[in-house]
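Structure at a glance
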Amino acid sequence: MDDELDSGSTAPTGMTPTGPNPHDWNTGLAGPDPLSAVDAASLSGTSDTKTAAAAGPAAGPATGSSRAGRAGRGPSKPRPEWRDPAELLGVQRAHTGAFGQKLQALDDAARTVMAVMDSIDVNALSDPEVVALTQMVERTGRPVDAARVSTATVVGYRYSTGLGTESLAWRLGASHQNDLLIGLTGTSVPEMKRRVSLGEKVAPRMLGGTVLEPEFPFVAAALAAGEIGIDAAENIVKGLADYKVHGRFDADQSLVDGGEAELVESATGSVFGRTPGPGDSATATDADDADTDTGAGAGAGQVCTGPVRRLGASAGFTFPADRIREMAATWQAVLNPDGAAPTAEILEAKSTFSFGKLSQGLHPLRGGVTPELKGIMQTLFNTFQSARSAPAFPSAEEQQRIEAGELVPGEILDERDGGQKRADILRGILVQVAQDPRTPTMGGMPPTVMVHVNATDLVNGVGVGWIDGVEGPVSMKTINQVVDNGGFRPIFFGGTGAVLALGDKVRCFTPLQRRAITARDGGCIIPGCTCPPQWTEVHHVQPWQNGGPTNVSNGVLLCWRHHHNIDTSGWHIRMVLGMPEVKAPHWIDPPEPGENHPNTAPTTPNTAGKTSSRG
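Reading the values: the criteria
Residues numbered from 1 in each chain as written. Predicted model: local features only at pLDDT ≥ 70, side-chain atom pairs only at ≥ 80, totals over all residues. Heavy atoms only, no water. Helix = DSSP H or I, 4+ residues; strand = E, 2+ residues; numbered from the N terminus. Contact = heavy atoms within 4.5 Å. Areas by Shrake-Rupley, 256 points an atom, 1.4 Å probe, with all protein chains shown as cover. Patch = residues over 30% accessible without salt bridge, like charges linked within 9 Å, V, L, I, M, F, W, Y side chains within 5 Å. Salt bridge = Lys/Arg side-chain N within 4 Å of Asp/Glu carboxyl O. Buried < 20%, exposed > 50% of the residue type's maximum accessible area, 1.4 Å probe, protein only. Pairing = 2+ DSSP bridges. Phe/Tyr/Trp six-rings, centres within 6.5 Å; stacked < 30°, edge-to-face > 60°. Lys NZ or Arg CZ within 6 Å of the ring centre and 35° of its normal. Core = buried A, V, L, I, M, F, W, Y, C linked by side-chain atoms within 4.5 Å. Arc of directions from axis to C-beta. Axes fitted to C-alpha atoms, helices over the stretch in contact; angles between N-to-C directions. Parallel < 35°, antiparallel > 145°, perpendicular 65-115°, else oblique. Left-handed = near helix turned anticlockwise from the far one by under 90°. Nonpolar A, V, L, I, M, F, W, Y, C, P; charged D, E, K, R; others polar. pLDDT = per-residue confidence, 0-100.

In this section: the overall build of the chain. Across its full length, the chain holds 20 helices and 15 strands. Taking the contacts inside the chain whose residues are at least 6 apart along the sequence as the reference set, 56% of them involve residues at least 24 apart. If you sum the accessible surface of the chain, you get close to 35700 Å²; carbon and sulfur atoms cover 57% of it.

Here it is, written out as structure tokens:
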């Protein structure tokens, strides 16, 4: 395998190769077929495997253009076995000489960083010190990130399957091109793909034997200078890739270059521009002579054609990577003067929504929406969330009751995060739509969730149930909540599974009963909950299975969340003279000495659950 690895013509000093084999230098995907002029067999020596050693090296140039290992070329060489690259003589020799000194310098730099960090107790730093260290660590890591991208890209090009047995992956014994990078770095496939994808946009290209600058020269220069992070570089490349040459959309390339330069400036706080090239008349080539206001490498008005380099500090602000993504979207609108109309059909075709397979008790939601639909959804979520989180300052009387422990502040009770709140908002909206009489029916029935549960399990409170069309089981806790709110209808089966009879609907509050309860309670009765009444469920205060009746005097309104957790959340509800009284959990409203069951005072219509006071 050492001979296989040494058979290429890559320059041994780490400089740009000058040999005749273009695949030895990562110049992008536009290079000529590396095996069309030189046979792969003529480039390989003896192998670590016995079969390859017996075959011996091929002599003379190739007589055809077929790739090695293809049909018509005889038996292919067996793939060498994978070994730790550090054990290969060729890699060991790379650590000697001039290139070995460069590798040693990198190793020394890594050890220096580790030694410095070992000498620092990060937890003991002052605020200014930890801020300075955070910035310096990020600055120190950026050149390493850029080197990771460039090396992964070179390896990625050399392990191309089109190279046949000359592929670096084949010669090192890697079974797949991704396995090579994983074996060399120990990182994941997605991370390697990320590095290679970015590297292909910021690496030099070759066309007809001519070396061209990277597709994104300003991003490449910022990476090389250690000025930009990988995240920001990716956001710029992804944002503008469709508008570059051969992209999906036509655009003025001078505007595209200008957008790239401005985004790099916004991400780095530095001005990058072209320096004078060989054919330019300017004589100033140093960055000190640059006009940082215009980004030109020479005097004002001078058009430079040389390479891109840092010209100086920017007078504007520096923005984080997430903000750069948003700014790139703004540039897309600039580069597409016709607006969204030409691409509307493409984007809308990608709008989709589906459920993933059950995993850890949840069905993941998958899909994408248009910006318009996201705006509608986001506004709807924000409206309800802001209504729930709007500041409500207590009056002087209420403040005294809070300090005396007679009033429970409602804002401290909601511990849901933003995602959980949005899920509950969406649930409320869907339930309200399902209950609306204008909602289309299915088989003459309004949208109804059918939950199947064994009667014995329901009575005993154990087991699970099932919903039509859903593969995941439903807990008995959820079944009791559904039955508590909507009732159930028993179906009697015979021994063979045939339906014998359909019973009457029981344990269900009638529409008139719900209207009466809504008029009394006005919404979820738990203090601090602002769930509107149309989103609530009716709860049996005295459980139905314990003999509780289904009437107005035994029903109260609860939101889905409080209804689902009423038995475990610590809240207690009782009815006194037809009015609900609520007792907060002991960790919120601890009982006074000698008090057995303190409760809230009876509430007035349409204000139920908004305060909690001792009875």
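A word on a nonpolar patch on the surface. A cluster of nonpolar residues, Val113, Met117, Val122 and Val137, forms a patch on the protein surface that exposes about 270 Å² of accessible area. Its place among the elements puts Val137 in helix H5 (residues 127-158).

Before going further, it helps to spend a moment on the environment of Pro278. Positionally, Pro278 belongs in the loop between strand S3 (270-274) and strand S4 (308-313). Sequence-wise, Pro278 and Cys304 are 26 residues apart; in three dimensions their C-alpha atoms are separated by 9.6 Å.

In this section: the pairing of strand S13 (residues 555-558). Of the two faces of S13, the one lined by Gly555 and Leu557 and the one lined by Val556 and Leu558 are each fully buried. Pairing geometry for strand S12 (residues 537-540) and S13, over 4 bridges, is antiparallel. Within S13, the residue paired with His539 across the bridge is Val556.

This next bit is on the packing of aromatic side chains. Summed over the entire model, instances satisfying the criterion amount to 1 aromatic pair. Both rings, one in Phe353 and one in Phe355, keep their centres 5.4 Å apart while their planes meet at 80°; by these two values the pair is edge-to-face. Under the relative-accessibility criterion, Phe353 is labelled exposed at 56%. Across the ring face of Phe319, the terminal group of Arg323 is positioned such that the distance to the ring centre comes to 5.8 Å.

Here we take up the nonpolar core. One finds Leu198, Val219, Leu223, Ile228 and Ile236 to be the most contacted residues of the largest nonpolar core, which totals 32 residues. Not counting chain neighbours up to four residues away, the residues in contact with Ile228 comprise Arg142, Val219, Ala222, Leu223, Ala233, Ile236, Ala267 and Thr268.

Attention shifts here to helix H19 (residues 511-521). Residues Gln513, Ile517, Arg520 and Asp521 constitute the buried set of H19. Buried residues in H19, looked at end-on, bunch into an arc of 85°, giving them a common side. In H19, those exposed residues whose orientation departs by more than 90 degrees from the buried face are Pro511, Leu512 and Arg515. Buried residues along H19 sit in contact with S12, S13, strand S14 (572-576) and strand S15 (579-583). Note on H19: the residue one or two positions beyond its end, Gly522, has a positive phi of about 75°.

Take the packing of helix H10 (residues 230-240) against helix H12 (residues 321-335) next. Interaxial distance between H10 and H12 falls to 9 Å at its minimum, and their mutual angle equals 15°. Considering their axes alone, H10 and H12 lie roughly parallel with respect to each other. The hand of the H10/H12 crossing is right-handed. On H12, the residues that touch Asp231, Ala232, Asn235, Ile236, Gly239 and Leu240 of H10 are Ala321, Asp322, Ile324, Arg325, Ala328, Trp331, Gln332 and Leu335.

To continue, consider the sheet that holds strand S9 (residues 474-475). Read across the sheet, 3 strands follow the order S7-S8-S9 without closing on themselves; strand pairing throughout is antiparallel. Each edge of the open sheet carries a strand with a single partner, namely strand S7 (451-452) and S9.

Moving on, we get to unusual backbone geometry. The phi dihedral of Leu577 falls on the positive side, at around 55°, and the residue is not glycine. If you trace the backbone, Leu577 turns up in the loop between S14 and S15. You can call Leu577 exposed: its relative accessible area is 86%.

Below, the discussion takes up the packing of helix H11 (residues 253-268) against H12. Contact geometry of H11 with H12 gives a least axis separation of 11 Å together with a crossing angle of 160°. Between H11 and H12, the crossing angle belongs to the class labelled roughly antiparallel. For the element pair H11 and H12, the recorded crossing hand is right-handed. Contacts from Leu255, Val256, Gly258, Gly259, Glu262, Leu263, Ser266 and Ala267 in H11 reach Ile324, Met327, Ala328, Trp331 and Leu335 in H12. A per-class count over the contact of H11 with H12 returns 9 nonpolar, 3 polar and 1 charged.

To continue, consider the pairing of S14. As paired strands, S14 and S15 are joined by 5 bridges and run antiparallel to one another. By the bridge assignment for S15, Met575 is matched with Pro580. Connecting S14 to the antiparallel partner S15 that follows it, the hairpin turn spans 2 residues, and Leu577 within it adopts a positive phi of roughly 55°.

Moving on: the confidence of the model for the chain. Here the chain averages 73 in pLDDT, while 67% of its residues score no lower than 70. Low confidence marks residues 8-74, where pLDDT is under 50. Its contacts with residues over four positions away, or in another chain, come to 99 contacts. Across residues 283-296, where pLDDT falls below 50, the model places 27 contacts with residues more than four positions away in sequence or in other chains.

This paragraph deals with the pattern of salt bridges. Summed over all chains, the structure comprises 16 salt bridges. With its nearest N and O atoms 3.6 Å apart, the salt bridge here joins Glu191 to Arg194. With Glu191 and Arg194 both in helix H8 (residues 189-202) and 3 residues apart, this pair spans about one turn of that helix. We classify Arg194 as partly exposed; its relative accessible area is 26%. Between Glu227 and Arg310 there is a salt bridge, and its shortest N-O distance comes to 3.3 Å. Of this pair, Glu227 sits in the loop between helix H9 (217-224) and H10 while Arg310 sits in strand S4, placing them 83 residues apart in sequence. Judged by relative accessible area, which is 34%, Arg310 ranks as partly exposed. Connected through shared salt-bridge partners, Glu191, Arg194, Arg195, Asp231 and Glu234 make up one network.

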